[in-house]
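Architecture and fold: a report
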Amino acid sequence: MIPRSLDGESFLRCIHCHATMIAGGSEWSCSKCGRRIPAPLGIPDFRGEKGQQDHDQVAALVEAYPESGFEDLLRIRTPSFATRNPKLLQLYEKYRLRMGQRGMTFVQMAVRQVREILGSEPRGLAIDLGCGVGAGALPLSEQFDAVIGIDPSLPDLILARKALEEQRVGNVTLVAGFAQRLPVCDRCAGFVLAENVLEHIHELDEACREIGRVLAPGSVFVGDCVNRYSLLRPEPHVKLWAVGYLPRAWQARYVKRRRDFDGYDRSVHLRSLRELQRAVRAIGPEGRVGFPSFSAYGYPAFADRVLDTIRRIPILSTALLWIFPAFLVVAPRAR
């Protein structure tokens, strides 16, 4: 399904001239400049030359797709980083298998935030930024009229397509692209979600400007980000304490030595509270960075009650936020 506005025009746009994209099976084209992009399994790929890096894996998944289920494809899908550490490999396999439940609880938390701001149920078009294998797109499809799932990993999007197919979801469009150049028209989205994504975007200021561009007036962005200076849990991607306290130039070498993980500096860019607050201003002046719900990450509900108590003590709440494991960003777009 290609999501369209009330006048029937597609929300998807060429990233070069911003004209409407025309769907064409295995290849899409721009209605103005004529540029063509591949669309394996109907997923338009706006990544350009960077999309060639996972060509072999995409080909293997496309070949196996007709006869395979989601978990079969998951076994074919290899991590985009290089590691032989069995602890990390097991961690990422379990993470992907649990993403459905995590996505549902996170979307529920995010929609509550939007409901409190708007005073009504959010509807219309939702964009799931960094949608991965579809953990957030599935619950969003039940809440919104249409969903666009955008991710830089085409292999993950192929898994997402299979998950949506198995669940008989028909109102989600999957797109390979980057947050820094969203292939979506201006002011069309009623909601933008970014779950477990912001710490993977190096040019975050540019991405936030793009989020502000695609949000409709009066709509809301909700996302989370791992805290660079967390003291309450290990860095979740590599399970090492206090990685963020090292200078950025040292982090990749330290992770390589301790976890045999190549490319940490390319895949993870942790943010401090101040860095995140500065970037969020590009979305809207009322954007704020605060605490997420513990329960959205699988912790018991009583942990949220403890956190609510701490929030009522301003000095303690402010100090805790600087070292809390993750931040929640809520940024309304000015009307």
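Scroll up to find the structure this text is about.
One structure accompanies this document, and this report is about it. The structure presented is a predicted model; accordingly, all values stated were derived computationally and were not measured.

**Description of the overall build of the protein**
If you tally the helices and strands in the protein, you get 12 helices and 12 strands. Expected size for 335 residues packed as a compact globule is a radius of gyration near 20 Å; at 20 Å, the protein falls within 12% of this value. In terms of principal-axis extent, the alpha carbons of the protein reach across some 55 × 50 × 35 Å. Contacts in the protein between residues far apart in sequence, at least 24 positions, make up 68% of those at least 6 positions apart. Within the structure as shown, the protein displays about 16100 Å² of accessible surface, and the carbon and sulfur contribution to it stands at 52%. Side chains of the protein give 45 positive and 37 negative charges; the mean places of these two sets differ by 6 Å.

**Focus on the sheet that holds strand β1 (residues 21-22)**
Sheet architecture is open: three strands sit in the order β1-β2-β3, paired in antiparallel fashion. In this open sheet, the two edge strands, each paired with only one partner strand, are β1 and β3 (36-38). For strand β2 (residues 27-30) and β3, the ladder comprises three bridges, and the chain directions are antiparallel. Its bridge partner being in β3, glutamate 27 is matched across the sheet by proline 38.

**Examining the packing of helix α7 (residues 204-214) against helix α10 (residues 273-280)**
Between α7 and α10, the least distance of the axes is 8 Å, while the angle of their chain directions is 35°. In the crossing of α7 with α10, the sense of the turn from one axis to the other is right-handed. Residues Leu204, Asp205 and Cys208 of α7 pack against Leu276, Arg278, Ala279 and Val280 of α10. In terms of residue class, the contact of α7 with α10 is built from five nonpolar, no polar and two charged.

**Examining the nonpolar core**
Ranked by internal contacts, the top residues of the largest apolar core, which has 52 residues, are Ile148, Val192, Leu198, Phe221 and Leu276. If you tally residues by element for this core, the top one is α7, at five residues. Contacts of phenylalanine 221, omitting those with residues within four sequence positions, involve Val192, Leu193, Ala194, Leu198, Ile211, Leu215, Ile283, Val329, Val330 and Ala331. Counting residues in each nonpolar core, the second largest holds 42 residues, with Val58, Ala126, Leu140 and Leu159 among its members.

**Structural notes on the environment of glutamate 275**
For glutamate 275, the position within the fold is in helix α10. Classification of glutamate 275 by relative accessible area gives partly exposed; the value is 22%. Sequence separation between glutamate 275 and lysine 162 is 113 residues; the distance between their C-alpha atoms is 37 Å. Setting aside residues up to four positions removed in sequence, glutamate 275 forms contacts with Arg248 and Leu270.

**Some points on the sheet that holds strand β5 (residues 125-129)**
The strand order across the open sheet built from seven strands is β7-β6-β5-β8-β9-β12-β11, with neighbouring strands paired in mixed fashion. Edge positions in the sheet fall to β7 (172-176) and β11 (288-290), since each of these pairs with one other strand and no more. Looking at each pair of strands side by side, their axes are set apart by 15° on average, direction ignored. Pairing of strand β9 (residues 215-226) with strand β12 (residues 326-332), which is carried by seven bridges, proceeds in the antiparallel orientation. If you follow phenylalanine 221 over to β12, its bridge partner there is alanine 331. Across the sheet, α7 lies against β5, β8 (189-194) and β9, angled at about 150° from β9, the strand it touches most.

**Overview of the pattern of salt bridges**
The tally for this structure, following the rule as stated, stands at 14 salt bridges. When the shortest N-O distance is used, the salt bridge between glutamate 27 and arginine 36 registers 3.4 Å. Linking aspartate 72 and arginine 75 is a salt bridge whose minimum nitrogen-to-oxygen distance equals 2.7 Å. Of this pair, aspartate 72 and arginine 75 are both found in helix α2 (residues 70-76), three residues apart, which corresponds to roughly one turn of the helix. Relative accessible area serves as the criterion here: at 35%, aspartate 72 is assigned to the partly exposed category. Residue classification places arginine 75 among the exposed residues on the basis of a relative accessible area of 60%.

What counts and how
Residues numbered from 1 in each chain as written. Predicted model: local features only at pLDDT ≥ 70, side-chain atom pairs only at ≥ 80, totals over all residues. Heavy atoms only, no water. Helix = DSSP H or I, 4+ residues; strand = E, 2+ residues; numbered from the N terminus. Rg over C-alpha atoms; globule rule 2.2 N^0.38 Å. Contact = heavy atoms within 4.5 Å. Areas by Shrake-Rupley, 256 points an atom, 1.4 Å probe, with all protein chains shown as cover. Lys, Arg positive; Asp, Glu negative; His and termini not counted. Charge placed at Lys NZ, Arg CZ, Asp CG, Glu CD. Pairing = 2+ DSSP bridges. Axes fitted to C-alpha atoms, helices over the stretch in contact; angles between N-to-C directions. Left-handed = near helix turned anticlockwise from the far one by under 90°. Nonpolar A, V, L, I, M, F, W, Y, C, P; charged D, E, K, R; others polar. Core = buried A, V, L, I, M, F, W, Y, C linked by side-chain atoms within 4.5 Å. Buried < 20%, exposed > 50% of the residue type's maximum accessible area, 1.4 Å probe, protein only. Salt bridge = Lys/Arg side-chain N within 4 Å of Asp/Glu carboxyl O.

This is a description of form; function is not addressed.
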